[in-house]
Amino acid sequence: QVQLVESGGGLVQAGSSLRLSCTASGRILNTVGWFRQSPGKEREFVVAISASGNVRNFAGSVKGRFTISRDNVKNTVYLEMTKLKPEDTAIYYCAIASGTPFSTIDAYYSWGQGTQVTVSP
């Protein structure tokens, strides 16, 4: 089974940008989604991209600030985050789904271990 590893997290100031990477141990011809979880909150959908990269699905809270792309040669999906806000602080996870870029967490599997993003005011 393909394993995913997230990287690129860190501590930044509000208004800054950050790029996260989700790298797979093998080819991933699937939808890949990013989710995030803050302390005391449920894991929530952020964005997903289809296998071809042609279809993207964004949560309303990040639309216009976050973008997602993929490099199927490098088996990597990128989450570019701009205009970061303190409320974006969370552990960010990537996972795989079969089919279209769902926002439903139950559709995803093969979760990575997560990468921490902290945005200071």
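Reference entry: report on the structure contained in this document. (Residues numbered from 1 in each chain as written. Predicted model: local features only at pLDDT ≥ 70, side-chain atom pairs only at ≥ 80, totals over all residues. Heavy atoms only, no water.)

## Here's the deal with unusual backbone geometry
Of note in this structure, Lys83 is not a glycine but carries a positive phi near 50°. As for its placement among the helices and strands, Lys83 is situated in the loop between strand E8 (76-81) and strand E9 (90-97). Judged by its relative accessible area of 55%, Lys83 falls in the exposed class. With a phi angle near 55°, Ser110 is a residue other than glycine that sits in the positive phi range. Tracing the backbone shows Ser110 in the loop between strand E10 (108-109) and strand E11 (115-120). Overall, the relative accessible area of 14% leaves Ser110 in the buried class. (Helix = DSSP H or I, 4+ residues; strand = E, 2+ residues; numbered from the N terminus. Buried < 20%, exposed > 50% of the residue type's maximum accessible area, 1.4 Å probe, protein only.)

## Describing the sheet that holds E8
Strand order in this open sheet of four strands is E1-E3-E8-E7, and the pairing throughout is antiparallel. On the outer flanks of this sheet lie strand E1 (4-7) and strand E7 (66-71), each paired with one strand and no other. Between one strand axis and the next, the sheet turns through 15° on average, direction left out of account. (Pairing = 2+ DSSP bridges. Axes fitted to C-alpha atoms, helices over the stretch in contact; angles between N-to-C directions.)

## Points about the packing of aromatic side chains
For the coordinates displayed, the defined rule picks out five aromatic pairs. Seen from their ring centres, Phe35 and Tyr108 are 4.9 Å apart, and the 75° between their planes marks the pair as edge-to-face. Of this pair, Phe35 sits in strand E4 (residues 31-37) while Tyr108 is found in strand E10, placing the two residues 73 residues apart along the sequence. Grouping residues by exposure puts Phe35 and Tyr108 together as buried. Between Tyr93 and Trp111, the ring centres sit 6.5 Å apart and the planes meet at 80°, which makes this aromatic pair edge-to-face. On the criterion of sequence distance, the pair formed by Tyr93 in strand E9 and Trp111 in the loop between E10 and E11 is long-range, its members being 18 residues apart. Since its relative accessible area comes to 11%, Tyr93 is described here as buried. Over the ring of Tyr93 we find Arg43; its NZ or CZ atom is 3.7 Å from the centre of that ring. (Phe/Tyr/Trp six-rings, centres within 6.5 Å; stacked < 30°, edge-to-face > 60°. Lys NZ or Arg CZ within 6 Å of the ring centre and 35° of its normal.)

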